[in-house]
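This is what each chain is made of:
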Amino acid sequence: MKRFLDLISEEMKKAFEASGYDRELGKVTLSNRPDLCEYQCNGAMAGAKLYKKAPIMIAGDVAECCKGSDVFLSVEAVAPGFLNLKVKESFIKDYLLQMCQQEKFGLDMPEHPSRIIVDYGGPNVAKPLHVGHLRSGVIGESIKRIARYAGHEVIGDIHLGDWGLQMGLIITELKERQPELVYFDESYQGEYPQEAPFTISELEEIYPTASSKSKEDAAYKERAMDATFKLQSGVRGYRALWDHIIRVSVADLKKNYENLNVEFDLWKGESDVHDVIPGMVEYMKKEGYAHISEGALVVDVKEETDTKEIPPCMILKSDGASLYNTTDLATIMERMREYHPDRMIYLTDKRQELYFEQVFRCARKTKLVDPETELLHIGFGTMNGKDGKPFKTREGGVMRLETLIKEINDEMYRKITDNRQVDEEEARQTAKIVALSAIKYGDLSNQASKDYIFDIDKFTSFEGDTGPYILYTIVRIKSILNKIREQGGKVEGTVLREADSESEKALMLQLAGFNAMMETAYEETAPHKICAYIYELANAFNRFYHETKIVTEENEEKKSGWVALLLLTRDVLETCIHVLGFSAPERM
Ligand code: ARG
């Protein structure tokens with residue numbers, strides 16, 4: 001279905017043409033003076049030079065030509081030559097009727113859907129999720145859902161950090177504590193126990209301990225490196241322990257991501273490409289892409305047009321060990337082989353920007369990807385506390401994601417039960433749903449690349465540009481519909497009618513902008529555009545609601561039209577929040 005604004009532009013272009021001017025001057029935009037008009041066209045201003053004519057004359061000609069139009073209610077030529085436009089209620093109604101009848105409210109589906117891999121989350125096994133991991137999961141999930149909604153084939157991959165030195169560190173610390181474990185007995189031939197020799201909480205304590213020990217004790221670090229090497233070269237007992245670490249850790253990660261409404265299609269990790277690295281290295285050497293520099297194997301990736309220094313991409317360290325780069329490149333190679341995606345999108349902190357620049361250049365230069373394969377890194381900013389510094393616990397430590405979520409759940413529960421008698425179980429459930437909207441909307445409503453301040457009071461507020469406000473609006477609509485149902489009123493099968501108030505018209509116009517907004521959100525991988533849209537939509541709805549007595553309306557036809565409008569508003573809002581990765585409760 002054509003974009004609403006394009007249809008209006010089309011009508012204006014016809015009028016320019018019919019008045020003897022270049023049709024391209026007829027481009028229409030949203031009004032920047034909403035008090036005067038709904039849309040505007042500045043084409044007459046641009047045409048003045050071209051036609052050596054006062055802009056107001058051109059505008060006058062065009063306005064004259066618009067008389068009798070099915071689209072415009074009024075076209076005013078105002079000094080010095082602007083065209084102020086208002087759209088006919090019937091035209092908006094017809095557009096919304098079509099939206100209601102079509103799938104996805106008339107959003108055009110791509111003729112050739114792209115296959116897209118979204119690489120997000122990226123937690124490291126055995127390290128607890130902390131607030132730093134929030135953004136990648138939240139933004140990535142939304143980008144995945146937007147692309148899917150826009151009709152593309154999308155695969156979300158968590159890309160676990162499950163292969164590096166941190167694994168060797170854990171194994172070393174375990175050996176230190178329990179040297180008698182069968183995993184360390186090199187002569188052992190039998191089956192290893194099913195049960196892991198640690199719990200998730202032990203694991204989460206073991207890693208930081210091992211990590212700080214290795215920083216102080218060179219011999220310890222040496223042992224950890226050796227353990228990493230043994231693991232990677234396939235020593236049985238080490239592999240069995242590693243399996244336990246992954247299983248215990250992944251079970252915990254799944255629980256955490258489930259609470260965040262984040263779901264991955266693939267739970268692959270760095271370890272999955274271990275076996276393809278030697279082949280890739282061989283290929284890069286044979287084709288002459290890689291060369292030895294100071295003992296290490298590197299690929300030069302700098303280009304003549306660079307204005308800053310882009311260091312070579314290191315493939316193997318001088319001791320032959322692979323790096324973070326190596327696994328990423330091998331993963332790209334595997335993804336091409338298995339899925340042949342048109343596009344890969346990575347979500348990490350923007351401090352990895354240079355890193356991805358190197359990796360992408362290297363992948364292109366070594367032809368791991370096709371020339372037309374798109375590689376996109378979305379680097380996001382930091383989540384800061386109210387003091388403007390990276391978010392910390394009150395004690396100044398790194399906050400676990402679980403703790404953060406719990407704090408917001410509790411705050412939401414407090415707000416929901418404040419001064420009210422509510423069922424405890426239901427209130428907990430609702431608090432959880434609303435809290436998630438507070439967290440996600442608080443994050444997603446900012447442009448991803450910017451830092452933002454995580455402000456619990458603001459994010460959990462039912463007023464203003466927040467998730468709870470959006471949910472509150474949806475719940476309000478649901479409750480009006482319920483009331484009408486209880487009265488025996490008709491809800492299903494109702495049909496939209498023309499607006500008969502300013503606020504109703506404004507709401508309808510906002511709804512008509514849905515597909516253009518969604519297309520842009522996809523093209524620009526910009527969830528914040530959806531947030532801005534639903535905030536405006538919720539405002540438009542609430543204005544209409546405050547001015548209109550819907551439930552007590554006696555004119556059945558009018559009431560039925562409003563019910564249809566409510567349904568459409570609810571459905572568009574719910575679709576948008578679903579794409580953002582949260583949902584609305586039935587009541588709150
Ligand atoms: N595990 C990595 C980290 O903690 C993030 C992974 C991002 N994805 C990737 N393909 N490199 O920094």
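The structure we're discussing is the one just above.
1. A closer look at the overall build of the protein chain
Working step 1: When its secondary structure is counted, the protein chain shows 20 helices and 13 strands.
Working step 2: Overall size of the protein chain, expressed as C-alpha extent along the three principal axes, is 90 × 65 × 45 Å.
Working step 3: Looking at the protein chain as a whole, 53% of its 588 residues qualify as buried.
Working step 4: In the protein chain, of all internal contacts separated by at least 6 residues, the share reaching a separation of at least 24 is 73%.
Working step 5: Of the accessible surface of the protein chain, which amounts to about 27900 Å², a share of 49% is contributed by carbon and sulfur atoms.

2. With respect to the packing of helix α17 (residues 502-512) against helix α20 (residues 556-580)
Working step 1: Relative orientation of the contacting elements α17 and α20 amounts to 40 degrees, with a least axis distance of 11 Å. Relative to α20, the element α17 is oriented oblique. Where α17 crosses over α20, the handedness of that crossing is left-handed. Contacts between α17 and α20 involve E504, L507, M508 and L511 from the former and W562, L565, L568, T569 and V572 from the latter.

3. Considerations on helix α12 (residues 353-365)
Working step 1: For α12, built from 13 residues, the straight-helix expectation of 18 Å at 1.5 Å per residue is met to within 8% by its first-to-last C-alpha distance of 18 Å.
Working step 2: Looking only at α12, the buried set comprises Y355, F356, Q358, V359, F360, R361, C362 and A363.
Working step 3: As for α12, its buried residues are in contact with α10 (277-286), β8 (296-299), β9 (313-316), α11 (324-338), β10 (343-349) and β11 (374-380).
Working step 4: Residue K367 follows α12 closely and has a positive phi angle near 55 degrees.

4. Points about unusual backbone geometry
Working step 1: For the peptide bond that leads from A79 to P80, omega is 0 degrees, which places it in the cis range.
Working step 2: With phi around 75 degrees, A126 is a residue other than glycine that occupies positive phi space.
Working step 3: When you line up the elements, A126 lands in the loop between β5 (115-119) and α5 (134-149).
Working step 4: Of note in this structure, H340 is not a glycine but carries a positive phi near 45 degrees.

5. Structural notes on the environment of E153
Working step 1: Along the chain, the position of E153 falls in strand β6 (residues 153-157).
Working step 2: Relative accessible area serves as the criterion here: at 38%, E153 is assigned to the partly exposed category.
Working step 3: Taking C-alpha positions, E153 is 6.5 Å from P113, a pair spaced 40 residues apart along the chain.
Working step 4: Discounting residues that sit within four places of it in the chain, E153 has contacts with S114, R115 and I116.
Working step 5: A polar side-chain atom of E153 sits 2.8 Å from a polar atom in the side chain of R115.

6. Concerning the environment of A330
Working step 1: With respect to the element layout, A330 can be found in helix α11.
Working step 2: Classification of A330 by relative accessible area gives buried; the value is 0%.
Working step 3: Each C-alpha atom, one on A330 and one on M280, is 6.9 Å from the other, the two residues being 50 residues apart in sequence.
Working step 4: A330 has contacts with V273, V276, I277 and M280, leaving out every residue within four places of it along the chain.

7. Section: the sheet that holds strand β1 (residues 28-30)
Working step 1: On the basis of which strands lie adjacent, the open sheet formed by four strands has the order β1-β2-β4-β3 and antiparallel pairing. Each edge of the open sheet is held by one strand with a lone partner, namely β1 and β3 (72-78). Recorded for the sheet is a direction-independent mean angle of 30 degrees between the axes of neighbouring strands.
Working step 2: As paired elements, β1 and strand β2 (residues 39-41) share three bridges and run antiparallel to each other. Looking at the pairing, V28 lines up with C41 of β2.

8. Re the nonpolar core
Working step 1: Residues F4, M12, L83, F454 and F514 are the most contacted members of the largest nonpolar core, which totals 157 residues.
Working step 2: The dominant element in this core, judged by the number of residues it contributes, is α20, at 13 residues.
Working step 3: M12 has contacts with G26, V28, C41, V62, C66, F72, V75, L83 and L85, leaving out every residue within four places of it along the chain.
Working step 4: In this structure, M284, A290, F356 and L375 belong to the second largest nonpolar core, which totals 34 residues.

9. Details of the sheet that holds β10
Working step 1: The sheet built from four strands is open, its strands ordered β6-β5-β10-β11 with parallel pairing. Either end of the sheet is taken by a strand with one partner, and the two such strands are β6 and β11. With direction set aside, neighbouring strand axes in the sheet form an average angle of 20 degrees.
Working step 2: The pairing of β5 with β10 spans four bridges and is parallel. Each residue of the ladder has a partner; that of I116, found in β10, is R343.
Working step 3: Across the sheet, α5 lies against β5, β6, β10 and β11, angled at about 155 degrees from β10, the strand it touches most.
Working step 4: Each of β10 and β11 touches α12; the most contacted strand, β11, lies at about 175 degrees to it.

How each quantity is defined
- Residues numbered from 1 in each chain as written.
- Predicted model: local features only at pLDDT ≥ 70, side-chain atom pairs only at ≥ 80, totals over all residues.
- Heavy atoms only, no water.
- Helix = DSSP H or I, 4+ residues; strand = E, 2+ residues; numbered from the N terminus.
- Buried < 20%, exposed > 50% of the residue type's maximum accessible area, 1.4 Å probe, protein only.
- Contact = heavy atoms within 4.5 Å.
- Areas by Shrake-Rupley, 256 points an atom, 1.4 Å probe, with all protein chains shown as cover.
- Axes fitted to C-alpha atoms, helices over the stretch in contact; angles between N-to-C directions.
- Parallel < 35°, antiparallel > 145°, perpendicular 65-115°, else oblique.
- Left-handed = near helix turned anticlockwise from the far one by under 90°.
- Expected span 1.5 Å × (residues − 1).
- Polar contact = N/O pair within 3.5 Å; in protein donor to acceptor, adjacent residues only side chain to side chain.
- Pairing = 2+ DSSP bridges.
- Core = buried A, V, L, I, M, F, W, Y, C linked by side-chain atoms within 4.5 Å.

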